[in-house]
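For reference, the chains in residue letters:
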Amino acid sequence: TIVCATCRTTLDAEPEAVKKLECPLCEEGWTLRELEAPKLHRAVKRKAESQGGTVSKRNREKHQNKAPSTRLFVGNLPFVVDASAIREALGKSFKLLQWITDQKTGVWYGNAFVELRSLKEASEAVEGAGSADGTRIGKRRLRVNFAPPKDGETWPPKGHVPRDRPPIPTDPGV
């Protein structure tokens, strides 16, 4: 039976007190298994009617029109991954790897920027990811797109520290 702390001490001292509990948590006398399961509704995917087409289709088109560059966005990475796995999946050696973390918490969510040595290698990596088989690490199909630095963005970022694995936040609750 689920009861508040006050009633728990009463129950420990007097097991027969279950029948006469009066606290807000147990005043009805229900146990969790006797309660009716809540009615859940299926989530409904919203369509972007104002823009036409689905959101994923629009996102794909947005990234396909980016100018070719040696810097690539690599998304949908498994949470347990290292630089050598990315190197093996792309089939190329790279100059720079930046794990993309949440700015507030420092938690890594499975995305990275990779800078390849030449534009030709970068184009081959993007084409390979867009093929029918795609680029995979384990069972995950990676998203690989060109990611030229935005106007005014410095690359590599100031204070960049090369790491073989994603950073682990020291205080994710901030």
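Let me begin by describing the structure that accompanies this report. Keep in mind it's a predicted model, so treat the numbers as computed, not measured.

## Details of the packing of aromatic side chains
- Evaluated as defined, the whole model comprises four aromatic pairs.
- Centre to centre, the rings of W99 and W108 are 5.4 Å apart; their planes meet at 90°, and the pair counts as edge-to-face. An identical accessibility class is assigned to W99 and W108; each is buried.
- Following the ring pairs from residue to residue traces out a cluster consisting of F73, F113 and W155.
- Lying across the ring of F94, R87 places its NZ or CZ 4.6 Å from the centre.

## A few points about the sheet that holds strand 1 (residues 71-75)
- In spatial order, the strands read 2-3-1-6; together these four strands make up an open sheet with antiparallel pairing. Two strands lie at the open edges of the sheet, namely strand 2 (94-101) and strand 6 (143-146), each paired on one side alone. Adjacent strand axes in the sheet meet at a mean angle of 25°, parallel and antiparallel pairs treated alike.
- On the sheet, helix 3 (residues 83-90) packs against strand 2, strand 3 (108-116) and strand 6 and is oriented at approximately 120° with respect to strand 2.
- Its contacts with the sheet place helix 4 (residues 119-130) against strand 1, strand 3 and strand 6, and it is angled at close to 140° to strand 6.

The rules behind the values
- Residues numbered from 1 in each chain as written.
- Predicted model: local features only at pLDDT ≥ 70, side-chain atom pairs only at ≥ 80, totals over all residues.
- Heavy atoms only, no water.
- Phe/Tyr/Trp six-rings, centres within 6.5 Å; stacked < 30°, edge-to-face > 60°.
- Buried < 20%, exposed > 50% of the residue type's maximum accessible area, 1.4 Å probe, protein only.
- Lys NZ or Arg CZ within 6 Å of the ring centre and 35° of its normal.
- Pairing = 2+ DSSP bridges.
- Helix = DSSP H or I, 4+ residues; strand = E, 2+ residues; numbered from the N terminus.
- Axes fitted to C-alpha atoms, helices over the stretch in contact; angles between N-to-C directions.
- Contact = heavy atoms within 4.5 Å.

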